[in-house]
Amino acid sequence: MNEAPRQRPPAAPPPSPPPPSPATPVEESAHSLDVSGARLHYWTAGAADHPAVALTHGAGADHRMFDPQIPALLGAGYRTLRWDVRYHGASASTTGRFRTGYAAEDLAALLDAAEVRRPVVLLGQSMGGNIAQEYLRRRPDEVAALVVIGSTSNTLPITRGERRRLALSRTLMRLMPYRRLSRWMARASAEDPAAQAYLREAFVANGRRSFLTTWDGMTRTVAPSPGYRVEQRELLICGERDGTGNIRSAMERWSERDPNSEFHVIPGAGHVANLDRPDEVNRLTVAFLKA
């Protein structure tokens, strides 16, 4: 499980530019679906008969964090589906609770509604990587491959100290003023100023209650399974300057465990490597999918 950022003190934000946008405009269809106490919003692009990639964003962000990836995936011949996880962006929930298992079933419902062919490639950043892993654990036959950016394994064991820090983070997040927390998380997650500004804007738009509900669920994600292995192909990506918890060491251990996994560190990138170094992440992802 990802821990709270441990680096960089908060600082006053510069004026916020618009959120990241693709270099080449693409046509996406917008949809919504009511499921299990939530209204979920999602976007699809590409031909229905093409292999599909489903993209799930990190905690506090929304579907826009993959703006730089959509043109590359469509150009490589894939269909894309990206969504706002419940409590994020345009999606809303009345349940008052968040768990990665719920989100994995939400994703399954969206894929069904969009008539996405299985097996599907799952691409997730941070929390999105945890949701993708849970989907894979529950529905292994429906997943062709996994691409994960800046996330930890749901099933590897963690130390008592790491578990205590996760529990403590729930209290610390509630005590910190939310705008200050938003600035801190954005600076700890991204190196690129435009990416930092987008994250700040997304955190503020999502709101304190939604973020704390999500964070509470995310700190309860780890379920160690010593004998568990992922047999599907995996691409694990970590930013060289990722300062959020133990991401790099955890991803290294994860890659060593699974037989069909490859691990890459992106120079100069932080936790959101797909926004800090989108060209490099796109190149690795398309090459992986085409292999």
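Residues numbered from 1 in each chain as written. Predicted model: local features only at pLDDT ≥ 70, side-chain atom pairs only at ≥ 80, totals over all residues. Heavy atoms only, no water.

A. Structural view of the overall build of the protein chain. Helix and strand counts for the protein chain stand at ten helices and nine strands. Computed over the C-alpha atoms, the radius of gyration of the protein chain is 17 Å, within 12% of the 19 Å expected from 2.2 N^0.38 for a compact globule of 291 residues. Overall, the C-alpha framework of the protein chain stretches about 50 × 45 × 40 Å when taken along its three principal axes. Counting over 291 residues, the protein chain shows a buried share of 56%. In the protein chain, the proportion of contacts linking residues at least 24 apart, taken out of those at least 6 apart, comes to 77%. (Helix = DSSP H or I, 4+ residues; strand = E, 2+ residues; numbered from the N terminus. Rg over C-alpha atoms; globule rule 2.2 N^0.38 Å. Buried < 20%, exposed > 50% of the residue type's maximum accessible area, 1.4 Å probe, protein only. Contact = heavy atoms within 4.5 Å.)

B. A look at the packing of aromatic side chains. Enumeration over the complete set of coordinates arrives at three aromatic pairs. Seen from their ring centres, Y178 and F211 are 6.2 Å apart, and the 50 degrees between their planes marks the pair as tilted. Taken together, the positions of Y178 in helix α5 (residues 178–189) and F211 in helix α7 (residues 208–218) put the pair 33 residues apart, joining distant regions of the chain. By the burial criterion, Y178 is buried, and F211 matches it. Measuring from ring centre to ring centre gives 5.3 Å for F203 and F211, while their planes differ by 55 degrees; the resulting arrangement is tilted. Looking at F203, the relative accessible area reads 3%, which means it is buried. Here F211 falls in the buried class, since its relative accessible area comes to 3%. Here the aromatic cluster, defined as three or more aromatic residues joined through ring pairs, consists of Y178, F203, F211 and W215. Against the face of Y135 rests R139, its NZ or CZ located 5.7 Å from the ring centre. Sitting above the plane of the F288 ring, R233 keeps its charged end 4.1 Å from the centroid. (Phe/Tyr/Trp six-rings, centres within 6.5 Å; stacked < 30°, edge-to-face > 60°. Lys NZ or Arg CZ within 6 Å of the ring centre and 35° of its normal.)

C. Structural context of the side chain of N282. Along the polypeptide, N282 turns up in helix α10 (residues 278–290). Since its relative accessible area comes to 11%, N282 is described here as buried. For N282, the side chain forms a polar contact with the main-chain oxygen of P68, separated by 3.0 Å. Every residue in contact with N282, bar those within four places of it in the chain, is listed here: P68, Q69 and A72. (Polar contact = N/O pair within 3.5 Å; in protein donor to acceptor, adjacent residues only side chain to side chain.)

D. Broad picture of the nonpolar core. Core analysis: the largest hydrophobic core is formed by 38 residues, its most contacted members being L81, W83, F98, L107, L111, L122 and Y135. If one sorts the elements of this core by residue count, helix α2 (residues 100–113) sits on top with six residues. What L122 contacts, discounting residues up to four positions off in sequence, is A54, L107, A132, Y135, V143, A145, L146 and V147. L73, V147, Y198 and L235 belong to the second-largest nonpolar core, a separate cluster that totals 31 residues. (Core = buried A, V, L, I, M, F, W, Y, C linked by side-chain atoms within 4.5 Å.)

E. Region of the structure containing the side chain of D242. Inspection of the secondary structure puts D242 in the loop between β8 (233–239) and α8 (247–257). Residue classification places D242 among the buried positions, given a relative accessible area of 13%. Here T244 takes part through its side chain, which lies 2.5 Å from a polar atom of the side chain of D242. When sequence neighbours within four positions are dropped, the list of residues in contact with D242 reads G150, I247, A269, G270 and H271.

Just distances and angles here, no functional claims.
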